[in-house]
Amino acid sequence: MIKAISYLGLGTMGSGMASNLLKAGYQLTVWNRSVEKCEPFARKGARIADAPADAVRGAELVMYSLSNDQAVEEVVFGAKGILSGINAGQIAMDMSTVLPATSLREEEAYAKRGVDFLDTPVFGSKKESADAKLWIMAAGKRGAFGKVKPVLEHLGQTVHYFGKNGNAAAMKLVGNLIVALEMEALAEGLVLAQKAGLDLKTVMEVVKVADFRSPLLVSNGQNILKRDFSPSFTLKLMLKDAGLIEKFAESLRSPIPALRVAEKNLESAVALSFGKENASA
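(A) Just the overall build of the protein chain, in detail. In terms of regular secondary structure, the protein chain is built from 12 helices and 9 strands. In summary, the protein chain has a C-alpha radius of gyration of 20 Å against a globular reference of 19 Å for 281 residues, a match within 12%. Along the first, second and third principal axes, the C-alpha atoms of the protein chain reach 65 × 45 × 35 Å. Going through the 281 residues of the protein chain one by one, you find that 50% of them count as buried. Taken as two groups, the 34 positive and 30 negative side-chain charges of the protein chain have centres that lie 4 Å from each other.

Printed below as a string of structure tokens:
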């Protein structure tokens, strides 16, 4: 049974997950590029590491949630990165949204050190992370998955196993493709409704109950009406993910005509300085 865990990356998602690991009673070591984000965890008993290589010392399980593929490159493969400190018998999990090819590169590097690796991205945002209500995907060796599943169950409401490495990362991009298009449809629909003179509160009452309803449409639609764009998943991160989806789809020669429209609108929104606001902005 896993008792000692390292968590690297204490952003919007990582901070919620690390908090829930502490609540579950795990011995926790934390690392973040800006050390001030580690201090609340230290006050609750976590050890603060100076570098990724130091963070993995003594941990049975190493978990990390980073902003993009470049951050994974630096934290995992860079000087004083995870790979320079990790040892055979430990398990590593990347919970970031990255290309499947990045996950496969990580798996290969860890395997050379006798370390099992799983790609374990999540669906959900700030609230779901804080409330341990994420929807978690995992891919890698089934034996390693069996060891980490009890840990993941402290973080999410469901855990789904996808088989070989890279598959969970692929599923994350499939899901975020759907998210991007739902957000585009919501925005277009609300603008059309407004121009048609419809009462938007009544429009949202229909969105809540009709057969096309979804939690994402309801929560974001309500916040749009309130003009509340406080970030739980920033617009610039959605644009980043759209670029990953485009690259992944092109590698498989899979058509994504609707995403290209949404991506252009995201680019325009970032150019209008909405990048740090919520994706609904």
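(B) Spatial organisation of the environment of Ala193. Position of Ala193 among the secondary structure elements: in helix α8 (residues 167–195). Placed 10 residues apart in sequence, Ala193 and Val203 show a C-alpha to C-alpha distance of 7.6 Å. Excluding residues within four positions of it along the chain, Ala193 makes contact with Leu198, Leu200 and Val203.

(C) Here's a closer look at the environment of Met137. With respect to the helices and strands, Met137 occurs in strand β8 (residues 134–138). The spatial distance from the C-alpha of Met137 to the C-alpha of Met171 is 7.8 Å, given a sequence separation of 34 residues. Those residues in contact with Met137 that sit more than four places away from it in its chain are Asp119, Thr120, Pro121, Val122, Phe123, His160, Phe162, Ala168, Met171 and Lys172.

(D) View of the pattern of salt bridges. Applying the stated rule across the entire model yields 9 salt bridges. In this structure, Arg57 and Asp54 form a salt bridge, with 2.7 Å as the shortest nitrogen-oxygen distance. Two residues, Arg105 and Glu73, come together in a salt bridge whose shortest N-O distance is 2.5 Å. Here the residue Arg105 occupies a position in helix α5 (residues 100–111), and Glu73 occupies one in helix α4 (residues 69–77), the gap between them amounting to 32 residues. Under the relative-accessibility criterion, Arg105 is labelled partly exposed at 40%.

(E) Structural view of the sheet that holds strand β2 (residues 27–31). Ordered by their spatial adjacency, 6 strands build an open sheet running β3-β2-β1-β4-β5-β6, and the pairing between neighbours is parallel. Two strands bound the open sheet, and with one partner strand each, they are β3 (47–48) and β6 (116–119). Across 2 bridges, β2 lies against β3 in parallel orientation. Within the sheet, the bridge partner assigned to Thr29 lies in β3 and is Arg47. Set on the sheet, helix α1 (residues 12–23) makes contact with β1 (4–8), β2 and β4 (61–64); between it and β1 the angle comes to about 165°.

(F) Representation of the sheet that holds strand β7 (residues 122–123) in the model. The 3 strands lie next to each other as β7-β8-β9, forming an open sheet whose pairing is mixed. Of all strands in the sheet, those with a lone pairing partner are β7 and β9 (156–161), marking the two edges. For β8 and β9, the ladder comprises 5 bridges, and the chain directions are parallel. Across the sheet, residue Ile136 finds its bridge partner in β9, namely Val159.

(G) View of the layout of surface pockets. Counted as a void, the second largest pocket has a volume near 590 Å³. Secondary-structure elements contributing two or more residues to the lining of the second largest pocket are α8, α10 (215–226), α11 (235–252) and α12 (257–271). In terms of residue count, α8 provides more of the lining of the second largest pocket than any other element does, 9 residues in total. Considering only residue class, the lining of the second largest pocket consists of 19 nonpolar, 4 polar and 3 charged.

What counts and how
- Residues numbered from 1 in each chain as written.
- Predicted model: local features only at pLDDT ≥ 70, side-chain atom pairs only at ≥ 80, totals over all residues.
- Heavy atoms only, no water.
- Helix = DSSP H or I, 4+ residues; strand = E, 2+ residues; numbered from the N terminus.
- Rg over C-alpha atoms; globule rule 2.2 N^0.38 Å.
- Buried < 20%, exposed > 50% of the residue type's maximum accessible area, 1.4 Å probe, protein only.
- Lys, Arg positive; Asp, Glu negative; His and termini not counted.
- Charge placed at Lys NZ, Arg CZ, Asp CG, Glu CD.
- Contact = heavy atoms within 4.5 Å.
- Salt bridge = Lys/Arg side-chain N within 4 Å of Asp/Glu carboxyl O.
- Pairing = 2+ DSSP bridges.
- Axes fitted to C-alpha atoms, helices over the stretch in contact; angles between N-to-C directions.
- 1 Å grid on protein atoms, 1.4 Å probe; cavity = no way out; pocket = protein on both sides within 12 Å on 5 of 7 lines; lining within 4 Å.
- Points joined across faces, edges and corners; volume = space filled by probe spheres on them.
- Nonpolar A, V, L, I, M, F, W, Y, C, P; charged D, E, K, R; others polar.

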